[in-house]
Amino acid sequence: MPVSALQQSLRGAGLGLDFGLVRARLRSDVPGLAQKLQLLYAHFPVEPADGFFDITASLQWPAGTRRFVRPQVEFAVDGQLPFDPFPSDTDLPLLEWGLNWCISGRCHHVLLLHAGVVERAGRAILLPALPGSGKSTLTAALANRGWRFLADEFGALRLEDGVLLPVVRPSGLKNESIDVIRRFAPTAVLGPSFPKTHKGTVAHLAPDAPSVSARRQPAGPLAVVFPKFTPGAEVQLSEMPRGKAFAKLAANSFNYDVLGAKSFDALGRLISTTESYRLSYSNLDDAVAVLAKLHTNLLAHADSDNGLHTHAL
Amino acid sequence: MTSPATGHRGFPLLCVLAPEDCRRFAFEDGTVVFNPASWQSHLLNPSATRIFNALFSGPCSRDDLARLFDEHDAAEIAGTVDEMESLGLVGRIEPSA
């Protein structure tokens, strides 16, 4: 869609986008935002804005003089302003964080784990981690080496059957990770860098066309890998005991406490039917190679194994 | 006083609270248990798992537990049971008046 048409949609009925797990309708009168969205959401079909949307959000100028003096923008959802305004030169990060906030606070029909998710041959690797552990960088690297990208931020575990639902959105890369991915995947599409955010410099990586096209296709989990970027370290993959993996995943969830027994059962099944690992790495090529080998080996055993190593009592 | 459940002295008896609603997954490094009253999940180490499983099988006294796990330090068992009580996983059956 041309920028002018995007701009018209944003200023009018809204720009409808389908991320897989959720559909969002965005509105904005902020100049320049349409160009950034066109770059990062290039492969997303534009949805008619008059349907049902899980999220209706807007990025707008605040009332008063802050449109002109040290201009700011504010994120609104359903008419509410959940955050303080941001400087207008961080419009896209505010929009992306705002959408993440909406997803984490609303999607309680799934267990939302703080994790990247990538898939090959129908089976996914979940990459949960705390901020700063290299999760987004590793997820982005895998997505640029032939893996399908399901999510950078949300491992959305469906409660009924334990499959992972895609939440295909731009990946937020921070600080050194931006140049790391530029070097690792020179053809990857990155949006502009925003140097003044509270997380440092942020840039967004656009999801590739096949991943966007497959945003409605779930994937069965095969492994849980907790990555940790360790400068100078040789790549090292080691098994993690399941009880510990359960505890770490629960602590890394957005809504584990909200769902009660449903999340306990879903997480227990996930941990029982997958293998869990720690991955320490500094070199992305090495980490990608180790995960590719792990995936191949686990997949080879998956057919001959029902995957249940423990059972719910 | 004689315990109706165990047939010997040792009130109060200890028991798993709401065992019918108790959910748990057993793993190689312990057991995760969901407390339906608090909605909290707990990772029990192998030693605590044995105590919990024993209480899940039926009420018993601290003396019974000590006999079951004679290789354990009694103080350790008592500490584990106290912690389980404080978490609401384990409760007491007091003798009726």
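Right above here is the structure, for reference.
Note that the coordinates shown come from a computational prediction; the quantities given were computed from them, not determined experimentally.

As a further point, take the state of the cysteines. Across all of its chains, the model carries 0 disulfides over all chains by this definition. Of the cysteine sulfurs around Cys15 of chain B, a residue in no disulfide, the closest is that of Cys60 of chain B, at 9.5 Å.

Once that is clear, we can look at unusual backbone geometry. All names here are of chain B. With phi around 45°, Ala18 is a residue other than glycine that occupies positive phi space. Mapped onto the secondary structure, Ala18 falls in the loop between β1 (13-16) and β2 (23-27). Ala18 gets classed as partly exposed once you look at its relative accessible area, which sits at 31%. Non-glycine residue Trp39 carries a positive phi angle of around 65°. Mapped onto the elements of the fold, Trp39 is located in the loop between β3 (30-35) and β4 (40-44). Relative accessible area serves as the criterion here: at 42%, Trp39 is assigned to the partly exposed category.

It is worth spelling out the sheet that holds β3 of chain B at this point. All names here are of chain B. Pairing within the open sheet is antiparallel, and its 3 strands lie in the order β2-β3-β4. The strands lining the two open edges of the sheet, one partner per strand, are β2 and β4. Between one strand axis and the next, the sheet turns by 15° as a mean value, whatever way the strands run. Pairing of β3 with β4 involves 5 bridges; the strand directions are antiparallel.

Reading the values: rules and limits
- For every chain, the first residue of its written sequence is number 1, and the numbers climb from 1 along that sequence.
- To label them, take the chains in the order written and letter them from A, then take the ligands in the order written and number them from 1.
- Local features are withheld for residues below a pLDDT of 70 in this predicted model, meaning they are given only at 70 or higher, and side-chain atom pairs are given and counted only at 80 or more; totals for whole chains, interfaces and linings count all residues.
- Note that the side-chain values use all heavy atoms of the structure and ignore hydrogens as well as water.
- Defined by distance alone, a disulfide is two cysteine sulfur atoms within 2.5 Å.
- The way it works is that DSSP assigns letters per residue, a run of H or I at least four long becomes a helix, a run of E at least two long becomes a strand, and they are numbered from the N terminus.
- Only protein chains enter the accessibility calculation, which uses a 1.4 Å probe. A residue is then buried if its area is under 20% of the maximum for its type, exposed if over 50%, and partly exposed in between.
- A strand pair is defined by DSSP finding two or more bridges across the two strands.
- Only the contacting stretch of a helix is used when fitting its axis, a line to C-alpha atoms as for every element, and angles between N-to-C directions run 0 to 180 degrees.

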